[in-house]
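# Analysis of the macromolecular model
This is what each chain is made of:
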Amino acid sequence: MIADLPCSSVHISLSASEIDRLTDHIIAKSKDTYDLVASVPLGKVCLFENDSLVYVLLLSSVSSSHFLCHFRPVKLKHLAQVSYANVISPLAELEAQQFPLIQSCVFPKMVSTLDDVRKASCEAEKRLDSHLLMCRKREDVYRVVKAYADRGEQLGSEAQRYVQCLVREFERHGVKLTLSKRNEMENLKSRIDELSLKYIENLNAGTKFVLLNEQELAGMPREFLMELEKTDGKLKVLLTNFHVTPILEHCKIGASRKLIAVAYGQRGGAENLDILESLVESRHKFSQLLGYSSYAELVLEPRMARTSSKVFEFLEEVSANLNDLATRELKVLKDLKRKEEGDSPFGMEDFLFYMRRAEEQQLDLEFGEVKQYFPVSLVLSGIFKIFQDLFGLRFEEVKDCETWHDTVRLFAVRDVTSNDLLGYFYLDTFFREGKFAHTCVVPLQNGWLASNGTRKVAIALLISQCPKQIDGNPALLRFSEVVSLFHEFSHVVHHMCNRATFSRFSGLRSEGDFIEIPSQLLERWCYESVSLKMMSGFHQDMTRSITSEMCKSLKRRHDSFAGLKLKQEILLCLADQIIHSSENVDIVELLKHLHPKVMLGIPLLEGTNPASCFSRLAIGYEAICYSYIWSEVFAADIFASKFQDDLLNHYAGLQFRNKVLAPGGAKDPLEILSDYLGREPSIRPFIESKIQNSL
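This is a predicted model, so every value here is computed, not measured.

Reading the values: rules and limits
Position labels on residues start from 1 in each chain and follow its written sequence. Whole-chain, interface and lining totals are the exception, using all residues; otherwise, since this is a predicted model, local features are given only for residues with pLDDT of at least 70 and side-chain atom pairs are given and counted only at 80 or more. Hydrogens and waters are ignored; side-chain quantities use all the structure's heavy atoms. Numbering goes from the N terminus for both helices and strands, where a helix is a DSSP run of H or I of at least four residues and a strand is a run of E of at least two. For the radius of gyration, the atom set is restricted to C-alpha positions; the globular benchmark scales as 2.2 Å times the number of residues to the power 0.38. Burial here depends on accessible area, computed with a 1.4 Å probe over protein chains only, as a share of the maximum for the residue type. Under 20% is buried, over 50% is exposed, and the range in between is partly exposed. Computed with the Shrake-Rupley method and a 1.4 Å probe, the accessible areas treat only the protein chains shown as cover for residues. Any two residues having at least one pair of non-hydrogen atoms within 4.5 Å are treated as being in contact. Any two of the Phe, Tyr and Trp rings considered here, Trp counted by its six-membered ring, make a pair once their centres fall within 6.5 Å; the pair's planes then place it as stacked at under 30 degrees, edge-to-face at over 60, or tilted in between. Only when the NZ atom of a Lys or the CZ atom of an Arg is both within 6 Å of the ring centre and within 35 degrees of the ring normal do we say a charge sits over the ring. Grouping buried Ala, Val, Leu, Ile, Met, Phe, Trp, Tyr and Cys residues that are joined through side-chain atoms within 4.5 Å yields what is termed a nonpolar core. UniProt positions are given in the numbering used here, feature names are shortened, and annotations may be inferred rather than shown by experiment. For helices, the fitted line uses only the C-alpha atoms of the stretch in contact; every axis is such a line through C-alpha atoms, and the angle between N-to-C directions lies from 0 to 180 degrees. For classification, angles of less than 35 degrees are called roughly parallel, those exceeding 145 degrees roughly antiparallel, those between 65 and 115 degrees roughly perpendicular, and all remaining angles oblique. Residues were grouped as follows: Ala, Val, Leu, Ile, Met, Phe, Trp, Tyr, Cys and Pro as nonpolar; Asp, Glu, Lys and Arg as charged; and all remaining residues, including Gly, as polar. Any two strands between which DSSP finds at least two bridges are classified as paired.

Of the regular secondary structure elements, the protein chain holds 27 helices and 13 strands. By the compact-globule yardstick of 26 Å for 695 residues, the protein chain fits well, its C-alpha radius of gyration being 28 Å. Seen through its C-alpha atoms, the protein chain measures out along the principal axes to roughly 105 × 60 × 55 Å. Per-residue burial for the protein chain yields a buried fraction of 52% across its 695 residues. In the form shown here, the protein chain has an accessible surface area of approximately 31,700 Å², with 51% of it arising from carbon and sulfur atoms.

Now the structure itself:
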């Protein structure tokens, strides 16, 4: 018999019609609550008394830009004023209560086996996104929230932070603008969406290709060549990662590598450069309407970095500290090329080929052999043990529970000392058709403290596409899949350990620059012998864990040529930040100038422009490309100062859980990390780790 899941408001396995009905209910309830908050009078002025009645002047918003003043007799004891109880609390409770309901409608599009359910889920997401966006633009509600905020009432730090977030969210959606400015803002937003989509469509439109013969592809594995389609007696090389990266890594013919690299770097063409220039211009106009000097300032305001100048300072400091390491690495690559190809100049097309050459010479590592040590079941049990031991948790599988597929498993998470229930997580780990293709974590319910004092628990879903066991042979994971699974499970644990009062500050809703720091930190366990051996075992003899030599090689390979790889990333981060913090930037000239400056004198590959085919500039990472390096730097500092000498130190794990994971977004992230470290975070441990582990 399937039992209800205690403390869960998540609906599992909804039908298409149930998703539609629940979406209607969510929207209706949300509108009722927002209308109720909007009806709260903004203030009162006593005019005269008559018996038990007081005639007052009440202010209420009746249109997007005007107030109506009216007289109404009310009993004094019934007169409402803006207060925490009638303004902030209803909005906070609504947000917390509706989050699991919204997710119940939205997550089936990623996992359901039924086409009609996936379609209904997609439609529900569109309707809910549209409704929630409309709510954030309600000027009548904003005026009431702002009136309360302006009273300056003494609140706890988390409640004060919540009020500030509400006000800022409304204002960032244009509620303070005139009607004409709001219309202009909407038009710009539509224009930005249209241009972003067009940029991506251009990259994906009609797979481009280059024709080469077998001699021009000397060095390529036979199985790779066999998979290539033949056209006019030549082999058809598609300009996709699946073809380009292997050729840049294995092809011995320098001219072929250059030809492929140039063609790949021209994918977006002049059209995408024009689109990007229009896109950046529209973004700047959009941000200036809201009172920001640039698009970067708009995007960075709610993040840890806060300002574009801080991002530039960070990137330039990291880049400068990598110069010596990157220079040594480049010399190694140039020497290798000189031995194999003579005195031909070293270019960007040579990086991957000679990096692989150096790794082959210095590392005894065969990934086909490594894979034999990572059966799915053993990897998962090892990951569970590491997180339970480190953070004082206990995972208990819940049987006879409702799920959307018979391979999905559910676990309860408890504190090992108090036995308190912290949350649940679903594991949907195995491959099936129609399921979301990448490993990720979806929060289904946030942990929060209700007004009656009861604690609502966190619920998360981990999705991956692990292979299934076939004919009794255990399913094996590539090492990159092990790292990805470990990284994403770190997000699950972050979500479980959150103790914030407000749903909005749940662990997976922390500030953008902060959210990846815990997972970047914990991912380092994937490169240490003690933890690798806990989640590995030879598939034909599980008692044989991965060897210490393999562990060392995996760690060295992870950081091999880290200086040069990071320099390449910093180059694109700087370009992203410059074009989004300044107007009228010539992107082509910018990259021609930046490239040799950052990449130790190596020029941009002639005929290419990364800005025409760098999708992160178009959707999702505009003005925040730096964030991944930022997270990695902070994570390295924590690892070096707290965990490096004892990876499974239970006390250190509990300190991290209570001081860093528990607050979620309820405190300023820099304050959290400074309090935890006892000082300001430093980039030195990050640089030193790259130097120490370099080839």
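More follows now that the structure is in view.
This brings us to the side chain of Asp-637. Inspection of the secondary structure puts Asp-637 in helix H24 (residues 627-643). Excluding its chain neighbours within four sequence positions, the residues that come into contact with Asp-637 are Leu-677, Arg-679, Pro-681, Ser-682 and Pro-685.

Attention now moves to the packing of aromatic side chains. In this structure the tally under the stated criterion is 32 aromatic pairs. With a centroid separation of 5.3 Å and 85° between ring planes, the pair formed by Phe-425 and Phe-489 is classed as edge-to-face. Note that Phe-425 is positioned in strand E9 (residues 421-430) and Phe-489 in helix H17 (residues 479-497), a separation of 64 residues in sequence. Positioned above the aromatic ring of Phe-209 is the side chain of Lys-236, whose terminal nitrogen or guanidinium carbon lies 4.5 Å from the ring centre. One residue, Arg-283, lies across the ring of Tyr-295, its end atom 5.7 Å from the ring centre.

Phe-351, Phe-374, Phe-395, Phe-489, Trp-525 and Phe-643 are the most contacted members of the largest nonpolar core, which totals 143 residues. A total of 11 residues in this core trace back to one element, the largest contributor, which is helix H13 (residues 308-341). Not counting residues up to four positions away in its chain, the partners in contact with Phe-374 are Val-379, Ala-475, Leu-476, Leu-477, Phe-479, Val-482, Leu-532, Met-535, Ser-536, Gly-537 and Ile-546. With 29 residues, the next largest nonpolar core counts Val-37, Ala-92, Val-175 and Phe-502 among its residues.

What follows concerns the UniProt feature "domain: Peptidase M3A/M3B catalytic" (unreviewed entry) in the protein chain. As annotated by UniProt and renumbered to match this structure, "domain: Peptidase M3A/M3B catalytic" (unreviewed entry) occupies residues 251-689. Summarising residues 251-689: 52% helix, 9% strand, and an end-to-end C-alpha distance of 31 Å.

For the pair H13 and helix H14 (residues 351-362), interaxial distance at closest approach is 9 Å and the crossing angle is 95°. Classified by the angle their axes make, H13 and H14 are roughly perpendicular. Together, Leu-330, Val-332, Leu-333, Leu-336, Lys-337, Glu-340 and Glu-341 of H13 and Phe-351, Phe-353, Tyr-354, Met-355, Arg-357, Ala-358 and Gln-361 of H14 make up the contact between the two elements. Broken down by class, the residue content of the contact of H13 with H14 amounts to 9 nonpolar, 1 polar and 4 charged.

Turning our eyes to something else, we now look at the sheet that holds strand E8 (residues 409-415). One open sheet holds the 5 strands; their spatial order is E7-E8-E9-E13-E10, and the pairing between them is mixed. Here the strands that pair on one side only, and so sit at the sheet edges, are strand E7 (393-397) and strand E10 (440-445). In this sheet, neighbouring strand axes are inclined to one another by 25° on average, regardless of whether the strands run parallel or antiparallel.

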